Amino acid sequence: MTVRPRDDVALMEGYHSPQVDVRVRLNTNESPEPPPAAWEDDLAEALAGIDWNRYPDRAATELRAGIAALHEVDPAQVFAANGSNEVLQTILLTYGGPSRSAAVWEPTYALHSHIARITGTGVAEGERAEDFSLDLDEVRRVFAESRPSVAFLCSPNNPTGVVDPREVVAEVLELAEAGDCLLVVDEAYGQFAPWSAVDLVDQSRPLVVTRTFSKTWSMAAARLGYLVGPAWVVADLEKVILPYHLDAAKQLAGTLALTHVDAMGARVERLVAERVRLIDALRELPVQVWDSGANFVLLRPNAADGSPGMRARGDEVWQGLLDRSVLVRNCSSWPRLDGCLRVTIGTPDEDDAFLTALREVLA
Ligand SMILES: *Cc1c(COP(=O)(O)O)cnc(C)c1O
């Protein structure tokens with residue numbers, strides 16, 4: 001007997017992000033702070049009221065109403081799922097699939113192309129400019145050559161931190177509209193950025209914006225994400241998602257979090273201030289560092305004299321940090337990111353521990 005996965009799945013590599021036990025964990029862009037204590041209390045009380053023998057509200061009515069109120073849209077324009085990755089997967093299951101393609105501009109969030117492939121969707125790959133900004137001529141080229149059904153932007157982009165300007169996203173939306181393509185703007189880090197594409201969402205335009213409770217909202221463990229878009233997209237996605245996919249506890253966790261928006265906002269402000277401090281400190285060191293609109297920073301240690309090259313230097317510095325119990329994301333071997341490391345903004349103490357370890361490693 002030989003049970004084999006699909007040929008394309010057999011050739012795939014899974015998602016790798018090591019969960020190592022270290023003192024300072026700055027590798028997955030989680031919030032360094034727990035959610036507000038009052039939210040935990042509210043949730044504990046609400047959990048006691050769940051009818052565990054019953055299926056949860058399939059439409060997640062209260063949760064969607066809360067998200068809709070936050071963004072000042074209609075609840076019919078909100079689709080929620082188990083993390084924004086499940087939102088992305090549902091989009092691709094609905095609008096992608098065999099004989100269709102999804103466009104990405106690299107470097108960007110690896111799961112856009114990975115989930116596309118898993119759903120049998122082709123990947124139309126474009127390039128970002130040298131400084132990681134989006135080049136509209138390159139966007140036009142990909143639309144013209146590949147006629148994608150779905151196009152992904154990520155702003156602020158992971159792993160570079162680059163925010164795409166409003167005019168650029170508006171222009172890409174025009175191109176998507178002309179090409180009968182759904183534009184997805186992944187705003188997993190949207191709250192850290194100066195503007196949001198949610199403002200461009202319109203019932204008659206093919207644009208959705210995805211968000212997550214995992215990063216800003218200090219709730220990575222809850223696995224909750226959503227999109228805001230036209231109601232017709234939400235109706236299409238509802239046909240594809242499994243029934244009762246959002247469990248009762250998660251619906252409560254999300255609904256209650258939305259009653260603590262101010263405390264969440266305070267967390268964002270602290271992280272943005274800390275990001276400024278961290279970038280300033282990195283600029284004093286022999287590393288290249290990019291501006292960021294997110295809760296992480298991309299950096300590239302300068303190659304040392306006689307070092308075997310950028311990629312090896314990145315690996316070496318990553319290992320040196322790990323030896324000092326500081327874990328960051330090693331992007332050294334990723335295409336277009338030779339020798340780069342991505343560090344999540346932590347608490348001031350964690351960031352100081354990172355800076356101290358980095359100074360030692362670079363010395
Ligand atoms: C973390 C991240 C996500 C996934 O978040 P979940 O809601 O935890 O699934 C999506 N997009 C980007 C760009 C991310 O960095």
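Since the structure is predicted, the reported quantities are computational estimates derived from the model, not experimental observations.

Core analysis: the largest hydrophobic core is formed by 45 residues, its most contacted members being Trp105, Phe143, Leu183 and Phe213. It is helix H7 (residues 166-178) that contributes the most residues to this core, six residues altogether. Leave out the neighbours within four places in its chain, and Phe213 touches Ile67, Ser218, Met219, Ala220, Leu224, Tyr226, Gly254, Ala257 and Leu258. If you look at the next biggest cluster of nonpolar residues, it comprises 34 residues, including Val24, Ile279, Val326 and Leu355.

This next bit is on the sheet that holds strand E9 (residues 287-289). If you trace the five strands from one edge of the open sheet to the other, you get E1-E11-E12-E10-E9, paired in mixed fashion. In this open sheet, the two edge strands, each paired with only one partner strand, are strand E1 (24-26) and E9. Adjacent strand axes in the sheet meet at a mean angle of 35° when their direction is disregarded. Alignment of E1 against strand E11 (residues 326-330), held across three bridges, turns out to be parallel. Note on E11: the bridge partner recorded for Arg25 is Leu327.

A word on the domain arrangement of the chain. For the chain, the assigned domains are domain 1 (7-30 + 262-362) and domain 2 (49-259). Across the boundary between the two partners, domain 1 contributes 27 residues, which contact 27 residues of domain 2. Of the roughly 2,100 Å² buried at the junction of domain 1 and domain 2 (both faces included), carbon and sulfur atoms supply 67%. It is Met264, Gly293 and Arg336 that lose the most area in domain 1 upon contact with domain 2, and together they represent 29% of the buried surface on that side. Applying the counting criterion to the domain 1 and domain 2 interface returns two salt bridges. Arg336 is the partner of Glu127 in a salt bridge, and the nearest nitrogen-oxygen pair spans 2.7 Å. The interface formed by domain 1 and domain 2 includes five residue pairs in polar contact (both at pLDDT 80 or more). Where the side of domain 1 that touches domain 2 is concerned, the elements lending two or more residues are helix H10 (261-283) and strand E10 (296-301). Looking at side-chain class alone, the side of domain 1 that touches domain 2 contains 14 nonpolar, five polar and eight charged residues.

Turning our attention to the packing of helix H4 (residues 84-95) against helix H5 (residues 110-118). Contact geometry of H4 with H5 gives a least axis separation of 9 Å together with a crossing angle of 45°. Classed by the angle they form, the pair H4 and H5 counts as oblique. Note that H4 runs across H5; the crossing there is right-handed. Residues Asn85, Leu88, Gln89 and Leu92 of H4 touch H5, and the partners they reach there are Leu111, His112, Ile115 and Ala116.

A separate point is the site of the ligand. Around the ligand, the surrounding shell holds 13 residues, and the nearest of these are Ser84, Tyr189, Thr212, Lys215 and Arg223. Between the ligand and Ser84, the relevant distance is 2.6 Å, taken from an oxygen atom to a main-chain nitrogen or oxygen of the residue. Contacts to the ligand include Tyr189, whose side-chain N or O atom sits 2.6 Å from an oxygen atom. Look at the ligand: alone it shows 380 Å² of surface, and the protein chains cover 93% of it.

What the rule picks out here adds up to 21 salt bridges. Between Arg336 and Glu125 there is a salt bridge; the shortest N-O distance is 3.1 Å. Taken together, the positions of Arg336 in the loop between E11 and strand E12 (341-344) and Glu125 in strand E4 (residues 122-127) put the pair 211 residues apart, joining distant regions of the chain. A relative accessible area of 30% means that Arg336 is categorised as partly exposed. Of the residues examined, Glu125 reaches a relative accessible area of 39% and is grouped as partly exposed. Salt-bridge contacts for Glu360 lead to Arg324; the nearest nitrogen and oxygen are separated by 2.7 Å.

Orientation of helix H6 (residues 136-146) relative to H7, taken along the N-to-C sense of each, is 15°, at an axis distance of 11 Å. As judged from the angle between their axes, H6 and H7 are roughly parallel. Every pair of crossing elements has a handedness; the one defined by H6 and H7 is right-handed. Mapping the contact onto sequence places Leu136, Val139, Arg140 and Phe143 in H6 and Val168, Glu171, Val172, Leu175 and Ala176 in H7. Looking at side-chain class alone, the contact of H6 with H7 contains seven nonpolar, no polar and two charged residues.

Moving on, we come to the sheet that holds strand E7 (residues 207-212). The sheet built from seven strands is open, its strands ordered E2-E8-E7-E6-E5-E3-E4 with mixed pairing. The open sheet is flanked by strand E2 (78-81) and E4, the only strands paired with a single partner. Ignoring which end each strand starts from, the neighbouring axes of this sheet average 25° apart. Strand direction decides the pairing type here: strand E6 (residues 182-186) and E7, joined by four bridges, are parallel. Its bridge partner lying in E7, Asp186 is registered against Thr210. Along the sheet, helix H8 (residues 231-240) makes contact with E2, E6, E7 and strand E8 (225-228), crossing E2 at roughly 35°.

Rules of the game
Residues numbered from 1 in each chain as written. Predicted model: local features only at pLDDT ≥ 70, side-chain atom pairs only at ≥ 80, totals over all residues. Heavy atoms only, no water. Core = buried A, V, L, I, M, F, W, Y, C linked by side-chain atoms within 4.5 Å. Buried < 20%, exposed > 50% of the residue type's maximum accessible area, 1.4 Å probe, protein only. Helix = DSSP H or I, 4+ residues; strand = E, 2+ residues; numbered from the N terminus. Contact = heavy atoms within 4.5 Å. Pairing = 2+ DSSP bridges. Axes fitted to C-alpha atoms, helices over the stretch in contact; angles between N-to-C directions. Domains from an automatic or database assignment. Buried area = accessible area lost by both parts, 1.4 Å probe. Salt bridge = Lys/Arg side-chain N within 4 Å of Asp/Glu carboxyl O. Polar contact = N/O pair within 3.5 Å; in protein donor to acceptor, adjacent residues only side chain to side chain. Nonpolar A, V, L, I, M, F, W, Y, C, P; charged D, E, K, R; others polar. Parallel < 35°, antiparallel > 145°, perpendicular 65-115°, else oblique. Left-handed = near helix turned anticlockwise from the far one by under 90°. Near = heavy atom within 4 Å. Areas by Shrake-Rupley, 256 points an atom, 1.4 Å probe, with all protein chains shown as cover.

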